[in-house]
Amino acid sequence: MYESFYGLTGKPFQLNPDPSFFYGSSGHKRAQSYLEYGLHQSEGFIVITGEVGAGKTTLVRNLLKKLDPTKVVAGQLVSTQLDAQDMLRLVVAAFGLPSRTLEKSQLLLVLETYLVSVTSKGKRVLLIVDEAQNLTPRAVEELRMLSNFQLGEHALLQSFLVGQPEFRGTMLSPHMQQLRQRVIASYHLGPMNEIETRAYIEHRLQHVGWNNRPRFEAEAFQAIYQFTGGIPRRINTLCDRLMLAGFLSGKEVLAAADVSEVSDEIVAEGGSSVGVQGRGAGDGESQEIATRKASETVTRTQGSDIGPFGIHAANLEERLSLLEQAFSAAMSTAGPRG
Ligand SMILES: Nc1ncnc2c1ncn2[C@@H]1O[C@H](COP(=O)(O)OP(=O)(O)OP(=O)(O)O)[C@@H](O)[C@H]1O
Ligand SMILES: [Mg+2]
C-alpha cells in the first residue's frame with residue numbers, strides 16, 4: 001500500500017526471514033563466521049543462541065543460500081517439544097527420507113545408510129535444528145547419539161543448533177556434559193547497536209529502491225532504536241507501522257514524534273517494547289511459526305534398541321540395498337514422503 005506512494009519496489013519491513021534483505025551487523029557477521037568456521041570443521045556441534053527476533057533464522061537461511069549443493073547436503077528442522085524418537089524421525093524426514101512407518105532401528109539404519117552414501121560421494125551432511133530451545137533433554141541426547149555416526153575417522157553428520165536464550169540453560173544442565181564436549185563453537189547473537197540499527201533500516205529500504213522518500217530524521221532513528229533495543233523483528237514491526245502511518249497522513253518526512261505515536265499504539269495493543277520479553281502482539285511471523293508447529297505432529301511407533309553406530313565402507317552395498325528395501329516398504333504403506 002505505502003510502497004507505491006513512496007515509490008518503493010516492495011515492502012521493506014516484512015517479518016519473514018528473507019535472506020535477500022540480509023544486513024551484516026557486527027553480531028550477524030560474527031555469528032555467520034562461526035557457522036562457516038563450523039562448516040569447515042565438518043564435525044561436532046555449533047550452537048547459536050540469540051534473543052527472540054534477533055535474526056537467527058535469517059542467519060540460517062542466509063547460510064543455506066550460500067552452501068554449495070555439490071559439496072554439502074543440508075537438512076533443516078524446526079523443533080517442537082519432541083521426545084527422542086520423534087527427533088530421530090524428523091531428522092530422517094529432514095533429509096527427504098521416508099520415516100513415518102519405520103521403527104527406531106529402521107530409522108537409524110535408513111539415516112546411517114544415507115549418510116554413508118552421501119559421504120562416499122564426497123559430500124558432507126549438515127543438520128540444522130532451529131528453535132532448539134524447544135528440544136527436550138532426551139531429544140538433545142538423541143542428536144548427540146547421531147553425532148556418533150562415523151565412516152573411518154570421519155564424522156558423518158554435523159549439526160548446528162539454533163535457539164532462543166533458554167537453550168543455553170539446556171546446554172548447561174549437568175547431563176549435557178557429553179554434548180558440551182562436542183560443541184566446537186558457540187555464539188550468542190545480541191541486539192544491534194544504535195548505529196547499526198540505522199544502517200539496518202537504510203539497508204532494508206535501499207533494497208526496495210528507497211530514494212529518501214520518506215526521509216527519516218536523525219531523531220527518528222534514535223527513537224526507533226530506543227523503542228526496539230536494536231532487535232530486528234521489533235524494528236521491522238515498528239517501521240512497517242511507521243511507514244503506513246506516514247502514508248496515511250501523506251508525510252514525506254518522518255520525525256521522532258511519529259515514531260513515538262506509532263510505538264505508543266503498539267504498546268497499547270499489547271505489543272513489546274524494549275525490556276519486555278516474549279513476542280509482541282501482531283507479530284505475524286510468530287503466528288506463522290505457531291501454526292506450523294501445530295501442524296507438525298508425527299506418528300509415533302514403538303522404538304527398539306540398536307547396537308553401536310560404527311559402520312565400515314565394506315558393507316555399504318548391503319546397507320544401500322537395505323535402504324532401498326526400507327524405502328519401498330515405506331512407500332507402499334505411507335505414500336511418497338514420510
Ligand atoms: N541480519 C539481518 N538482516 C536483515 N533482516 C534481518 C536480519 N536479522 C533479522 N532480520 C529480520 O528480522 C526479523 C526476525 O528475524 P528472524 O526470524 O531471523 O529472528 P529469530 O532470531 O529467528 O527469531 P525467533 O527467536 O522468533 O526464532 C525478520 O523479519 C528478518 O527478516
Ligand atoms: Mg527463528
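Calculation criteria
Residues numbered from 1 in each chain as written. Chains lettered and ligands numbered in written order. Predicted model: local features only at pLDDT ≥ 70, side-chain atom pairs only at ≥ 80, totals over all residues. Axes fitted to C-alpha atoms, helices over the stretch in contact; angles between N-to-C directions. Helix = DSSP H or I, 4+ residues; strand = E, 2+ residues; numbered from the N terminus. Left-handed = near helix turned anticlockwise from the far one by under 90°. Contact = placed C-beta atoms within 7 Å. Nonpolar A, V, L, I, M, F, W, Y, C, P; charged D, E, K, R; others polar. Buried ≥ 20, exposed ≤ 12 C-beta atoms within 10 Å, placed from the backbone. Expected span 1.5 Å × (residues − 1). pLDDT = per-residue confidence, 0-100. Near = placed C-beta within 6 Å. Domains from an automatic or database assignment. Core = buried A, V, L, I, M, F, W, Y, C linked by C-beta atoms within 7 Å.

J.: Looking at this structure, how should I read the packing of helix 4 (residues 84–94) against helix 5 (residues 104–120)?
T.: Helix-helix packing is described using two parameters, namely the angle between the two axes and the distance between the axes. Between helix 4 and helix 5, the least distance of the axes is 10 Å, while the angle of their chain directions is 35°. For the pair helix 4 and helix 5, the crossing hand works out as left-handed. Contact with helix 4, carried on its side by Gln85, Leu88, Arg89, Val91 and Val92, involves Lys104, Leu107, Val110 and Leu111 of helix 5 and no other residues of that element. Partitioned by chemical class, the residues of the contact of helix 4 with helix 5 number six nonpolar, one polar and two charged.

J.: I keep staring at the environment of Ser4 and nothing clicks. Help me out?
T.: With respect to the helices, strands and loops of the structure, Ser4 is situated in helix 1 (residues 2–5). Since 9 C-beta atoms lie within 10 Å of it, Ser4 is described here as exposed. Sequence separation between Ser4 and Phe247 is 243 residues; the distance between their C-alpha atoms is 9.8 Å.

J.: Please clarify how helix 5 should be interpreted in this entry.
T.: An α-helical segment advances 3.6 residues per turn. Residues three or four places apart therefore align on the same side. Between the first and last C-alpha of helix 5 there are 24 Å, a value that for 17 residues agrees with the 24 Å anticipated at 1.5 Å per step. Listed as buried for helix 5 are Gln106, Leu107, Leu108, Val110, Leu111, Glu112, Thr113, Tyr114, Leu115, Val116 and Thr119. Positive phi appears at Gly122, one or two residues downstream of helix 5, with a value of about 85°.

J.: How do you make sense of the confidence of the model for the protein when you look at a structure like this?
T.: The predicted model of the protein has a mean per-residue pLDDT of 81, with 80% of residues at 70 or higher. Of the regions scoring below 50 in pLDDT, residues 275–338 engages in 85 contacts with residues more than four places distant in sequence or in other chains.

J.: What is the right way to read the site of ligand 1 from this model?
T.: Ligand 1 sits among 20 residues. The nearest are Gly55, Lys56, Thr57, Thr58 and Pro232. Those elements that provide at least two residues to the shell around ligand 1 are helix 3 (56–66) and helix 11 (232–248). Across the shell around ligand 1, the residue classes break down as eight nonpolar, eight polar and four charged. Structurally, the shell around ligand 1 is a two-domain feature, drawing no fewer than three residues from each of domain 1 (2–18 + 193–276) and domain 2 (26–191 + 307–334).

J.: Explanation requested: the environment of Ala218 in the structure shown.
T.: Residue position: Ala218 is located in helix 10 (residues 218–228). Among the residues examined, Ala218 registers 10 C-beta atoms within 10 Å and is labelled exposed.

J.: Before we go on, may I ask you to explain unusual backbone geometry in this structure?
T.: Across residues other than glycine, the phi torsion is negative in most instances, and most of the peptide bonds are trans. With an omega dihedral of -5°, the bond running from Arg213 to Pro214 counts as a cis peptide bond. With respect to the helices and strands, Pro214 occurs in the loop between helix 9 (194–207) and strand 8 (215–216). The phi torsion at Glu131 lies on the positive side, around 60°, for a residue other than glycine. You can see Glu131 is positioned in the loop between strand 3 (124–130) and helix 6 (137–146). Residue class for Glu131 comes out buried when judged on the 20 C-beta atoms lying within 10 Å of it.

J.: What's the story with the nonpolar core in this structure? I'm lost.
T.: A general feature of soluble globular proteins is that nonpolar side chains tend to end up buried together. In terms of nonpolar packing, the biggest core is built from 73 residues, with Ile48 and Ile224 touching the most fellow members. Sorting elements by how many residues they give to this core places helix 5 first, with seven residues. Of the domains in this structure, domain 1 (2–18 + 193–276) and domain 2 (26–191 + 307–334) are the two that each give at least three residues to this core. Each residue touching Ile48, except ones within four places of it in the same chain, is listed here: Ala31, Tyr34, Leu35, Lys56, Leu59, Phe160, Val162, Tyr187 and Leu189.

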